[in-house]
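Residue strings, one per chain:
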Amino acid sequence: MRLSGPPAPRPRAPTVNALLERASDARSGVTFVDLRERETFVSWAEVCRRARRAAASLAAAGIRPGDRVAIVLRTEPAFLDAFFGVLLAGAVPAPLYPPVRLGRMDEYLAATARMVTVSGARAILAGGAVRRLLGGVVARSRPPLGRRAAEELARGRDELARDVGRDELALVQFSSGSTVDPKPVALTHGALADHVETLLALLRPGDSDALVSWLPLYHDMGLIGGLLGALAYPGPAVLIPPEHFLARPALWLRAMSRHRGTIAAAPSFAYAYCVQRVRDSDLDGVDLSSWRVALDGAEPVSLPVLREFQRRFASHGFRPDAMRPVYGLSEAALAVTFCDGAAEAKSVRVDPVALAATGEIREGPREVASVGRPIPGVQVEIRDAHGRPAGADRLGRIWVAGPSLMSGYLGQAEATAKTLAGGWLDTGDLGFVHDGQLYVHGRAKDVVVVRGANHAPDEFEGALAGVAGLRPGCAVAGGLDVDGRGEELVLLVERARTAAGSEPEIAAAIRQAVTERTGVAPREVVLLAPGSLPRTSSGKMRRAEALRRWLAGTLLPPRPVTPLALAREVARSALGYARARRG
């Protein structure tokens, strides 16, 4: 079954560099919000001026056109200097996530060193406290990295803005790594410029629109959908560091109200987090009536969560028709399908047993959200196990074609060949088409096979929503092969920090909830300390990695972060920098 979007719009600028130059005349810009709601405003004109100075600084330091440059920065003005400065130098930014879980610093340093290496970065840009922790990355990287403090990039007087072509590499963004190690997705200037133009055609921003985002700038939703989307219009962007959102989720809603925000995006977990963690006292005077587009993507869309968010914040003006489930992935730049308003957003109830056994869509108890229709210029096709087009209401693998697909995984020809074929991208996701709209069933590699039937893991994980004593969204369902007789269900679940009830009582409640909802009884229910389950940089669960660690006996919570432990990490980093200098 194939779905086709309308024709792609004509891009208003050929490259990201041209978009930045075009925005330099705009009066709007970027506002950064800190934990105390203090704000720092940088106009697009100033962003452009600072980027030109940063580009000259990078060129003087030896960065040449085409060089890749790793960027490890939080959501702060220095990120704009680094990201746009690298682009104006004719080089290629590779944004990486900063350390957020100090209790897992060894894992972070190993993963970051790997990403720096596979991206082919010649230099790393970081700043402040983050830079003091990266000595281990610099020491492990080959060839040796150039190091620059990001806050110093825009201090010079010289300026530089190199011309680039549409077919030149513009960005290396890493895939989420939910099923394998993150891969370096290579996107050209033309792919990015075309994609943000398509986003504007979908969102139709006007003079009164403002984007408010807490999504990280190393992630496609935050970088391409947020920062570059606002740049392309150009319009105001209000950015909140993700760690501040997690500490105080009301910041997002309060900024939406204060700036009369109209457009924002988040995964389902963030909407649930707001329902659970935002206090009524945080909402005094908050008015969400300006919020006209609330995108939900990056992970399976939870309809109960969206309905609860709508109910909770309706009294503050939030409109149900603002909710827009969407689907996309980094290999397609960002978006693939889009729900254009509540009139189009739909759901179907399916029988998970019949779906797992036959691949046929039959009416049943499980509600699945539509993620809409293909965006302009994009085609979506459902293919069966033999690679042939599947019919409507048949489960299959989701393939995508369009102008914004990656050119490949950088330096990984074999992995690219497995994913791209004949202009089509194998997303690795399962889904089906019903009444002309796409429904996503889950990652093919995460499928749990029980008694020969294929189940999406979120069928089991979603059944835990009403079980007391658990951390919301912190569960992994997987299959365990028992003595070669086939897989049986295993559930790895994090306890709440203040969970009431004994572990046997909580485990019994989990078994009952999953069995009643799915008809499958778990073989193992494993309760874990908070923070034990491994996540991707964007917060998704790494199911396969969680199961591997559990079987190896290494699925442990992060080490406590104390002043002494932090001092030890800084000292280790200093030794790493010293070894790199000697090398």
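Everything numeric in this text was worked out from a predicted model, so none of it was measured. As a convention, each chain's residues are numbered from 1 in the sequence order in which they are written. Owing to the predicted nature of the model, reporting of local features is limited to residues with pLDDT of at least 70; listing and counting of side-chain atom pairs is limited to 80 or more, with chain, interface and lining totals taken over all residues. Side-chain numbers come from the whole structure's heavy atoms, not from hydrogens or water.

A pair of strands is labelled paired if DSSP reports no fewer than 2 bridges between them. A run of H or I in DSSP counts as a helix once it spans at least four residues, and a run of E counts as a strand once it spans at least two, with each numbered from the N terminus. Overall, mixed pairing links the three strands, which are arranged 27-28-29 in an open sheet. Only two strands of the sheet have a single neighbouring strand rather than two, namely strand 27 (470-481) and strand 29 (524-528). Strand-to-strand twist of the sheet, defined as the mean angle between neighbouring strand axes without regard to direction, takes the value 20 degrees. Of the strand pairs in this sheet, strand 28 (residues 487-495) and strand 29 are connected by five bridges, and their pairing is parallel. The partner of L492 across the bridge, within strand 29, is V526. Contacting strand 27, strand 28 and strand 29, helix 16 (residues 503-518) runs over the sheet at an angle of about 130 degrees to strand 29. Every axis corresponds to a line fitted to the C-alpha atoms, with the helix fit spanning only the stretch in contact, and the corresponding angles, defined between N-to-C directions, vary from 0 to 180 degrees. In this description, contact between two residues means that some pair of their heavy atoms is separated by no more than 4.5 Å.

By secondary structure assignment, the location of R394 is in the loop between strand 19 (379-383) and strand 20 (396-401). Counting along the chain gives 69 residues from R394 to A463, while the straight-line C-alpha distance between them is 24 Å. Once residues lying within four places of it in the same chain are set aside, the contact partners of R394 are T358, G359, E360, I361, I382, G431 and F432.

The next thing to look at is helix 2 (residues 44-60). To estimate the expected span of a helix, subtract one from its residue number and multiply by 1.5 Å. The end-to-end C-alpha distance of helix 2 is 24 Å, a good match for the 24 Å that 17 residues give at a rise of 1.5 Å each. Among the 17 residues in helix 2, twelve count as buried, and that is most of the element. Classification of residues uses two cut-offs on accessible area relative to the type maximum, computed with a 1.4 Å probe and protein chains only: under 20% is buried, over 50% is exposed, and between them is partly exposed. Taken together, the buried positions of helix 2 are occupied by W44, A45, V47, C48, A51, R52, R53, A54, A55, A56, S57 and L58. At the C-terminal side of helix 2, G62 shows a positive phi close to 105 degrees.

Here we come to the side chain of R312. For R312, the position within the fold is in helix 12 (residues 303-313). Polar contact criterion, stated in full: a pair of N or O atoms within 3.5 Å, where within protein one must be able to donate a hydrogen and the other to accept it, and residues adjacent in sequence count only if both atoms are side-chain atoms. Reaching out from R312, the side chain makes a polar contact with the backbone oxygen of V275 at a distance of 2.9 Å. A distance of 2.9 Å separates a polar atom in the side chain of R312 from a polar atom in the side chain of D280. Among residues more than four places away in sequence, those in contact with R312 are C274, V275, V278, R279, D280 and L283.

Before going further, it helps to spend a moment on helix 8 (residues 220-232). Residues three or four positions apart in an α-helix share a direction because the helix packs 3.6 residues into each turn. The end-to-end C-alpha distance of helix 8, which contains 13 residues, comes to just 15 Å, noticeably less than the 18 Å that a straight helix rising 1.5 Å per residue would cover. When we look at burial in helix 8, the residues that qualify are D220, M221, G222, L223, I224, G226, L227, L228, G229, A230, L231 and A232.

Here we take up empty space enclosed by the protein. Any empty space left between atoms is shown by rolling a water-sized probe over those atoms. Lining residues are those with an atom within 4 Å of a point, where the points come from a 1 Å grid over the protein atoms alone and group into cavities, where a 1.4 Å probe fits but cannot get out, or pockets, open sets with protein on both sides within 12 Å along at least five of seven lines. Grid points are joined across faces, edges and corners, and a volume is the space filled by probe spheres set on the points. Summed over all chains, the structure comprises three cavities of 30 Å³ or more. Volume-wise, the largest cavity comes out at about 160 Å³. P205, L211, G229, A230 and I263 are the residues nearest the centre of the largest cavity, which is lined by 15 residues in total. Breaking the lining of the largest cavity down by element, the ones donating at least two residues are helix 7 (189-203) and helix 8. Throughout this entry, Asp, Glu, Lys and Arg are counted as charged residues, while Ala, Val, Leu, Ile, Met, Phe, Trp, Tyr, Cys and Pro are counted as nonpolar. The remaining residues, Gly among them, count as polar. Looking at the lining of the largest cavity residue by residue, the classes come out as ten nonpolar, four polar and one charged. Approximately 60 Å³ is the volume attributed to the second largest cavity. Lining the second largest cavity we find H195, T198, A332, A335, I375, P376, V378, V400, G402, P403, S404 and L405. Each residue belonging to the lining of the second largest cavity can be placed in one class, and the counts come to eight nonpolar, four polar and no charged.

The pairing of strand 27 with strand 28 spans eight bridges and is classified as antiparallel. Note that in strand 28 the partner of L480 across the bridge is E488.

The next thing to look at is the packing of helix 2 against helix 3 (residues 77-88). Running from N to C, helix 2 and helix 3 point in directions that differ by 65 degrees, and their axes come no closer than 7 Å. Viewed along their axes, helix 2 and helix 3 form a crossing whose handedness is right-handed. Along its contact with helix 2, which presents V47, C48, R50, A51, R52, A54, A55 and L58, the element helix 3 presents L80, D81, F84, G85, V86 and L88. Taken together, the residues that form the contact of helix 2 with helix 3 break down as ten nonpolar, one polar and three charged. For any pair of crossing helices, the crossing counts as left-handed if the nearer helix is rotated counterclockwise from the farther one by less than a right angle, and right-handed if it is rotated clockwise.

Between helix 11 (residues 268-277) and helix 12, whose axes approach to 9 Å, the crossing angle comes to 40 degrees. As helix 11 packs across helix 12, the resulting crossing turns out to be left-handed. Residues S268, Y271, A272, C274 and V275 of helix 11 form the contact with helix 12, whose participating residues are V305, L306, E308, F309, R312 and F313. In the contact of helix 11 with helix 12, the residues fall into eight nonpolar, one polar and two charged.

The next thing to look at is the packing of aromatic side chains. Where two aromatic rings form a pair, the distance of their centres and the angle of their planes describe that pair. Geometry of aromatic contacts follows a simple scheme: Phe, Tyr and Trp rings, the Trp one being its six-membered ring, pair when their centres are within 6.5 Å, and the pair is stacked under 30 degrees between planes, edge-to-face over 60, tilted otherwise. The full count for this structure, using the stated rule, is 17 aromatic pairs. Plain terms: the ring middles of Y97 and Y218 are 5.9 Å apart, the flat faces sit at 50 degrees to each other, and that makes the pair tilted. One end of the pair, Y97, is in the loop between strand 5 (92-96) and helix 4 (105-119); the other, Y218, is in the loop between strand 10 (211-213) and helix 8, and 121 residues separate them in sequence. Like Y97, the residue Y218 is buried in the burial classification. Here, over-ring charges are defined by two tests on the NZ atom of lysine or the CZ atom of arginine: distance to the ring centre within 6 Å, and angle to the ring normal within 35 degrees. Against the face of W399 rests R383, its NZ or CZ located 4.1 Å from the ring centre. Taking NZ or CZ as reference, R383 lies 5.2 Å from the ring centre of W424, over its face.

Looking now at the sheet that holds strand 8 (residues 169-174). Ordered by their spatial adjacency, three strands build an open sheet running 8-9-21, and the pairing between neighbours is antiparallel. The outermost strands of the open sheet, each flanked by one partner alone, are strand 8 and strand 21 (408-409). Examined bridge by bridge, strand 9 (residues 184-188) and strand 21 share two bridges and lie antiparallel to one another. Residue pairing in the sheet places A186 in a bridge with G408 of strand 21.

Read these as layout, nothing more, since geometry by itself doesn't imply function.
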